[in-house]
Amino acid sequence: MTITTAVPTPFIVSAPGKVIIFGEHSAVFNKNAIAASVSSLRTYLLVEQSEDFDGVELNFPDINYDSRWSNDDINKINRDVIKETSTLKHVCPKLKEQLDFVLKDLKDSLNYFAALSFLYLYLSLCPDARGLKFTVKSTLPIGAGLGSSASISVCLALAFARLNGHISSNECISKEDKEFINHWAFIGECCIHGTPSGIDNAVATYGNAVRFQRQDDGTTQFHQINNFPQLPMVLTNTKIKRSTKILVSGVADLAKRKPLIAEPILEAMDQVAIRGSELLSDISKDIHYDELLELIRVNHGLLVAVGVSHPGLEVIKQLSDELKIGQTKLTGAGGGGCAFTLLEKNVDHSSVRKFHETLHEKYKYQIFETGLGGVGCCFTELRTEEFKSLKHLFIGPATTQDISLALLPSPDSTLSWVK
Ligand SMILES: Nc1ncnc2c1ncn2[C@@H]1O[C@H](COP(=O)(O)OP(=O)(O)OP(=O)(O)O)[C@@H](O)[C@H]1O
Ligand SMILES: C[C@@](O)(CCO)CC(=O)[O-]
Ligand SMILES: [Mg+2]
């Protein structure tokens, strides 16, 4: 079998999920937003040689989807159309049309969007890399507001950019390389949910925390927030399924039908994010902590007003109000998925325990423990023994704890992660 790649396989790439602190949905309308990466919740992509296939194999066990495309399938896609994608800031309609034909059996399923972003980025970045298998495992909940779509898009963009030789250094991922990854991950996000703001892929690429604003000309402006505070918070997943694509298009519909009502709400979200970023850069002054709590309450109310909450999310908000432990807002696209609760400064710990227990036992919600900020995208080449000992994490019934324990790119990792 001929394998044409610029770098040796196997290797693993990884990118984090994120929590949006202020500005989900309004970010799509070019308002300010603030988000931080969730250091321990990440997507991992293993790139290895196929055992018996000279096309391209895809394995997405988290969503129970796998597929393979033969060289004949791939060669049918028009090369001139593929070349057009390199200069575009959005999805090329001609390539999408050809891929819709290849993926016609999946149309309108959730797997369609995952396969579309995979094939679109693969063809745009490394259409000649063959005889390879791509397996993705995430320790993030999928479709729950923590940026799983951006994190997989960043992994794909980084892996394909390595395979075509665009990123060849084994020292570090340079600033230019990150810009390249972020651009292509944004296109992957466009394949998955239509009109992303770009905040999720920026955080998954760069890590840490960012203040972000999309500009009217489609470019993005973002600043890394250094020393982002480790906010005392509880992150809760309702496990209620929802789709970012549908929620984002619902808000766009409201903005179109009722611009005089929607615009002031989005403007208020902008002001919340601007003030929030001032407070977060100087959280050491205790006097501002109550104001931060207040902004969280206001931001959630504004999100309710544009129709993206859910009774299951309101349960978390109501309980944190009843127990007086802090302020809760939905995070990500809402409609289910996750909420975070910023705890009061001198919170009563027994009330926090009651909060955890009630959400877990009565509602069967899942509570995450994760710090904010930390490493963005990274990769590691695997030596033969490493590959042998880690492969089971991608094919077997490994738990998210097993995966994090073995792969998390923390300072004490035994793997040589290139960041
Ligand atoms: N580990 C994964 N394996 C395969 N597909 C994935 C994976 N993670 C994300 N996806 C793709 O992303 C989609 C979920 O993206 P969506 O934007 O709806 O939710 P999210 O990114 O988790 O939340 P939010 O956008 O609110 O932060 C899935 O339906 C799938 O297409
Ligand atoms: C809802 C949204 O604002 C955040 C999803 O995590 C969409 C986006 O900004 O792309
Ligand atoms: Mg998403």
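Note that the coordinates shown come from a computational prediction; the quantities given were computed from them, not determined experimentally.

Conventions and cut-offs
Residues numbered from 1 in each chain as written. Chains lettered and ligands numbered in written order. Predicted model: local features only at pLDDT ≥ 70, side-chain atom pairs only at ≥ 80, totals over all residues. Axes fitted to C-alpha atoms, helices over the stretch in contact; angles between N-to-C directions. Helix = DSSP H or I, 4+ residues; strand = E, 2+ residues; numbered from the N terminus. Parallel < 35°, antiparallel > 145°, perpendicular 65-115°, else oblique. Left-handed = near helix turned anticlockwise from the far one by under 90°. Contact = placed C-beta atoms within 7 Å. Nonpolar A, V, L, I, M, F, W, Y, C, P; charged D, E, K, R; others polar. Buried ≥ 20, exposed ≤ 12 C-beta atoms within 10 Å, placed from the backbone. Pairing = 2+ DSSP bridges. Domains from an automatic or database assignment. UniProt positions renumbered as here; feature names shortened; annotations may be inferred. Near = placed C-beta within 6 Å.

Examining the packing of helix H9 (residues 259–281) against helix H10 (residues 289–305)
Consideration 1: Between H9 and H10, the least distance of the axes is 10 Å, while the angle of their chain directions is 155°. As the angle between them shows, H9 and H10 are arranged roughly antiparallel. In the packing of H9 onto H10, the handedness of the crossing is left-handed. Two secondary-structure elements touch here, H9 through Ile 265, Ala 268, Met 269, Val 272, Arg 275, Gly 276 and Leu 279 and H10 through Glu 291, Leu 292, Leu 295, Val 298, Asn 299, Leu 302 and Ala 305.
Consideration 2: Partitioning the contact of H9 with H10 into residue classes produces ten nonpolar, two polar and two charged.

Let's talk about unusual backbone geometry
Consideration 1: Of the consecutive residues Thr 9 and Pro 10, the connecting peptide bond is found in the cis state with omega at 0°.
Consideration 2: By the element assignment, Pro 10 lies in the segment before strand S1 (11–22).
Consideration 3: Positive phi, normally seen in glycine, also occurs at Asn 208, with a value near 55°.
Consideration 4: Residue position: Asn 208 is located in the loop between helix H7 (199–206) and strand S6 (209–214).

Section: the pairing of strand S8 (residues 233–237)
Consideration 1: Counting buried positions along S8 yields four of five residues, so the element is predominantly enclosed.
Consideration 2: Strand direction decides the pairing type here: S8 and strand S10 (residues 338–343), joined by five bridges, are antiparallel. Directly across from Thr 236, in S10, lies its bridge partner Ala 339.

Thoughts on the domain arrangement of the protein chain
Consideration 1: Once the domains are mapped, the protein chain shows domain 1 (11–225 + 372–407) and domain 2 (233–368).
Consideration 2: A separation of 27 Å is found between the C-alpha centroids of domain 1 and domain 2.
Consideration 3: Counting residues at the interface gives 27 residues for domain 1 and 34 residues for domain 2.
Consideration 4: Where the side of domain 1 that touches domain 2 is concerned, the elements lending two or more residues are S1 and strand S2 (33–49).
Consideration 5: Element by element, the count of residues in the side of domain 1 that touches domain 2 is highest for S1, at four residues.

A short note on the UniProt feature "domain: GHMP kinase N-terminal" (unreviewed entry) in the protein chain
Consideration 1: Per the UniProt entry, the sites bearing "domain: GHMP kinase N-terminal" (unreviewed entry) are residues 124–207 in this numbering.
Consideration 2: Counting secondary structure, residues 124–207 comes out at 54% helix and 8% strand; the distance between its end C-alpha atoms is 25 Å.

Some details on the UniProt feature "domain: GHMP kinase C-terminal" (unreviewed entry) in the protein chain
Consideration 1: Within this structure's numbering, the places UniProt gives as "domain: GHMP kinase C-terminal" (unreviewed entry) are residues 288–346.
Consideration 2: This span, residues 288–346, is 49% helix and 19% strand, and a straight line between its end C-alpha atoms measures 14 Å.

Looking at the site of ligand 2
Consideration 1: The environment of ligand 2 is formed by 14 residues, the closest being Glu 24, Pro 196, Ser 197, Gly 332 and Ala 333.
Consideration 2: Counting residues per element, the ones that place at least two in the shell around ligand 2 are H7 and helix H8 (244–257).
Consideration 3: Looking at which domains feed residues into the shell around ligand 2, each of domain 1 (11–225 + 372–407) and domain 2 (233–368) gives three or more.

Re the site of ligand 1
Consideration 1: Inspection of the region around ligand 1 gives 25 residues, with Ala 114, Ser 148, Ser 149, Thr 244 and Gly 332 positioned closest.
Consideration 2: Breaking the shell around ligand 1 down by element, the ones donating at least two residues are helix H4 (110–125), strand S5 (132–138), helix H5 (148–163) and helix H6 (175–193).
Consideration 3: For the shell around ligand 1, the per-class residue count stands at twelve nonpolar, eleven polar and two charged.
Consideration 4: Structurally, the shell around ligand 1 is a two-domain feature, drawing no fewer than three residues from each of domain 1 (11–225 + 372–407) and domain 2 (233–368).

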